[in-house]
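As a plain string of letters, each chain reads:
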Amino acid sequence: MRVAAPENITDDNVRLAVVSKLSWIKKQQQDFKNQPRQTERKYISGECHYYLGKRYRLEVIEREGKPEVKHLKAGKLKLFVKSGASVTTKERQITEWYRGQLKATIPSLLEKWQPKVGKIAADWGIRKMRTKWGSCNIKKRRIWLNLELAKKPLECVEYIVVHELIHLHERNHNERFKSLMEKNLPNWLSLQKLLNTAPLAHEDWEY
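Residues numbered from 1 in each chain as written. Predicted model: local features only at pLDDT ≥ 70, side-chain atom pairs only at ≥ 80, totals over all residues. Heavy atoms only, no water.

Trainee: Can you tell me about the sheet that holds strand 1 (residues 48-51), naming the residues and giving the values?
Mentor: Spatial ordering of the open sheet is given by 1-2-4-3, a layout of 4 strands whose pairing is mixed. The open sheet has two free edges, formed respectively by strand 1 and strand 3 (68-72), since each of these has just one partner strand. Geometrically, the sheet is characterised by an average inter-axis angle of 35 degrees between neighbouring strands, direction not taken into account. (Pairing = 2+ DSSP bridges. Helix = DSSP H or I, 4+ residues; strand = E, 2+ residues; numbered from the N terminus. Axes fitted to C-alpha atoms, helices over the stretch in contact; angles between N-to-C directions.)

The following block contains the structure:
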């Protein structure tokens, strides 16, 4: 387990904080362990992939030129790659496509919610995260979002954006945090449940 903490916090205080949250941490571990998983992706034609909560059939098309992914509203994702492209190459193209799509989605959500929440993120980014959907560095006012959110319904992405912005008001998941969530996003608990029961990627998420 890795722990992120401000530089001015002593190791003893970090250990005490972890011990005080141990039961919560174990519950999160168990919840992720029990969450349904997608089958391993092979990146072949006919395989199902998700984007913003909707299912799409992958069509792999071999051709010369630069690899690319096209999102078609007719329920298809088209992946263009060179003949004989490896699974790793195909996965990389799909992953980067997801990253680009999510990057394009977040600015409008921040523009919508930052004035409502009353906090502005100084910076934000997207990365693979094994144990959480988002994180917030309060000191630097930086928000990180899990790349897997690109596969989840847009309202779930919105919930995580609001969740992390609220952390700029309140670090802990205490009653004040819950009250602020209720005030800004009254249906947040149902969105939390929807997100936490949706299938995770095939790879194991672990602390």
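Trainee: Tell me about the sheet that holds strand 7 (residues 142-146), and please be specific about residues and values.
Mentor: Taken together, the 3 strands give an open sheet; going across it, the order is 5-7-6, and neighbouring strands pair in mixed fashion. The sheet is open, and its two borders are formed by strand 5 (123-127) and strand 6 (134-137), each paired with just one other strand. Taking each pair of neighbouring strands and ignoring which way they run, the sheet shows an average axis angle of 15 degrees. With 4 bridges joining them, strand 6 and strand 7 adopt antiparallel strand pairing.

Trainee: Tell me about the packing of helix 3 (residues 87-117) against helix 4 (residues 154-166), and please be specific about residues and values.
Mentor: At their nearest, the axes of helix 3 and helix 4 sit 10 Å apart, and the two run at 50 degrees to each other. With respect to helix 4, the axis of helix 3 lies oblique. For the element pair helix 3 and helix 4, the recorded crossing hand is right-handed. For the pair formed by helix 3 and helix 4, the contact residues are L102, T105, I106, L109, L110, K112, W113, Q114 and V117 on the first element and L154, V157, E158, V161, V162, L165 and I166 on the second. Looking at side-chain class alone, the contact of helix 3 with helix 4 contains 12 nonpolar, 2 polar and 2 charged residues. (Parallel < 35°, antiparallel > 145°, perpendicular 65-115°, else oblique. Left-handed = near helix turned anticlockwise from the far one by under 90°. Contact = heavy atoms within 4.5 Å. Nonpolar A, V, L, I, M, F, W, Y, C, P; charged D, E, K, R; others polar.)

Trainee: Describe unusual backbone geometry, listing the residues and the values that go with them.
Mentor: Its identity is not glycine, yet Y43 carries a phi of approximately 60 degrees, on the positive side. Structurally, Y43 is set in the loop between helix 2 (22-34) and strand 1. Even without a glycine there, the phi angle at L52 is positive, about 50 degrees. Relative to the helices and strands, L52 resides in the loop between strand 1 and strand 2 (54-62).

Trainee: Let's hear about helix 3: which residues, and what values?
Mentor: Helix length check: helix 3, at 31 residues, gives a terminal C-alpha distance of 42 Å against a target of 45 Å (1.5 Å per residue), a fit within 8%. The axis of helix 3 is deflected most strongly, by about 30 degrees, at L110. Trailing helix 3 by a residue or two, G118 shows a phi angle of about 85 degrees, which is positive. (Expected span 1.5 Å × (residues − 1). Bend = angle between axes of the 7 residues up to and from the residue.)

Trainee: So what's going on with the pairing of strand 1? Residues and values would help.
Mentor: Relative to strand 2, strand 1 is paired through 4 bridges, and the arrangement is antiparallel. Bridged to Y51 within strand 2 is K54. From the end of strand 1 to the start of strand 2, which pair antiparallel, there are 2 residues, and L52 there has a positive phi angle of about 50 degrees.

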